Amino acid sequence: MAPKGRMPLISGNWKMHHNHFDAIQMVQKLSYRLSKDDYKTVDVSVHPPFTDLRSVQTVLESDRIPIALGAQHCHWEEKGAFTGEVSPAMLAKLNVSYVIAGHSERRTLFGESDEMVNAKVRAILANGMTPILCVGESLEEREAGTTEERVRAQVAAGLAKVSAEQVAGLVIAYEPIWAIGTGRNASAADAQAVCAAIRATVVSSFGAAAGEGLRVQYGGSVKPSNIVELMAEADIDGALVGGASLDADEFARLVQYQSV
Ligand code: 13P
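Below or above, wherever it landed, is the structure these notes cover.

**A few points about the pairing of strand E5 (residues 130-135)**
Then, in step 1: The buried fraction of E5 amounts to six of the six residues, a majority that puts the element mostly inside the structure.
Then, in step 2: Both faces of E5 are covered, namely the face carrying Thr 130, Ile 132 and Cys 134 and the face carrying Pro 131, Leu 133 and Val 135.
Then, in step 3: With four bridges connecting them, strand E4 (residues 98-101) and E5 associate as parallel partners. By the bridge assignment for E5, Ile 100 is matched with Ile 132.
Then, in step 4: Relative to strand E6 (residues 171-174), E5 is paired through four bridges, and the arrangement is parallel. Bridge pairing links Leu 133 to Ile 172 in E6.

Encoded structure:
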């Protein structure tokens, strides 16, 4: 597999699964399955629910497990009367490294607009963490042939008022909505075409260095059986994994995709 000059990032988005006891077991099991060498060739992050973050942080730090702590969501304000929300500063205090912004489930089920997603991206960056900005088309948009247009618009809106330097360090996850949790993944060629369009959008707005540094993940029914061909594509730098990240053995196999 040709090296792309960007460290791959394999992220497990646990969504609303695993309480804090389950989460502790998960990271312990992962640490037994993964070796020091695995972490040399791939960055790994886990994104548990909010209630698990402190427990997972404690295990990762006390056992010196080099898995990055991630969150699934946050508000964009520092503090205030926002019942039920969690601020980026609170996540940063827990040594959270990556925060997912604009997952399609949040956009469709909780009404997150492009403006809200952009506010989150900027707040995450302002608090020293890395956003994983999610973009992706619906089945109707794919069938209408408007996939790239949709995704390019989400990228442009999500990155408004972000500097080129910041874009060079961030992560965009291409997650076609029709592929999430359906067992039906985008073909490697289709995923590559959209990920290349994402990078081209970034290059045209932020310059070549931003496009070169940006990591683009694919998400949507990633499994041990399809990760190798997806990761072989030139513009796919990682995977954002839902279902297959819930089992430590399966997630470890995804992290070790280079050795299968
Ligand atoms: P699945 O891997 O379960 O399709 O979920 C993808 C996803 O939404 C990750 O954020």
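Now, onward.
**Quick notes on the environment of Lys 15**
Then, in step 1: Looking at where Lys 15 falls in the secondary structure, it is placed in the loop between strand E1 (9-13) and helix H1 (20-33).
Then, in step 2: Each C-alpha atom of the pair Lys 15 and Ala 234 lies 28 Å from the other, and the pair is 219 residues apart in sequence.
Then, in step 3: One polar contact links Lys 15 to Glu 105, side chain to side chain, over a distance of 2.8 Å.

**Quick look at the layout of surface pockets**
Then, in step 1: Its boundaries defined by the atoms lining it, the largest pocket holds a volume of some 410 Å³.
Then, in step 2: Ranked by residues supplied to the lining of the largest pocket, first place goes to helix H5 (residues 104-109) with three residues.
Then, in step 3: Computed from the structure, the second largest pocket encloses a volume of approximately 190 Å³.
Then, in step 4: What lines the second largest pocket is a set of 18 residues, and nearest its centre among them are Gly 181, Ser 221, Val 222, Gly 242 and Gly 243.
Then, in step 5: Residues belonging to the lining of the second largest pocket are distributed by class as follows: five nonpolar, ten polar and three charged.

Each value, and the rule that gives it
- Residues numbered from 1 in each chain as written.
- Predicted model: local features only at pLDDT ≥ 70, side-chain atom pairs only at ≥ 80, totals over all residues.
- Heavy atoms only, no water.
- Buried < 20%, exposed > 50% of the residue type's maximum accessible area, 1.4 Å probe, protein only.
- Helix = DSSP H or I, 4+ residues; strand = E, 2+ residues; numbered from the N terminus.
- Pairing = 2+ DSSP bridges.
- Polar contact = N/O pair within 3.5 Å; in protein donor to acceptor, adjacent residues only side chain to side chain.
- 1 Å grid on protein atoms, 1.4 Å probe; cavity = no way out; pocket = protein on both sides within 12 Å on 5 of 7 lines; lining within 4 Å.
- Points joined across faces, edges and corners; volume = space filled by probe spheres on them.
- Nonpolar A, V, L, I, M, F, W, Y, C, P; charged D, E, K, R; others polar.

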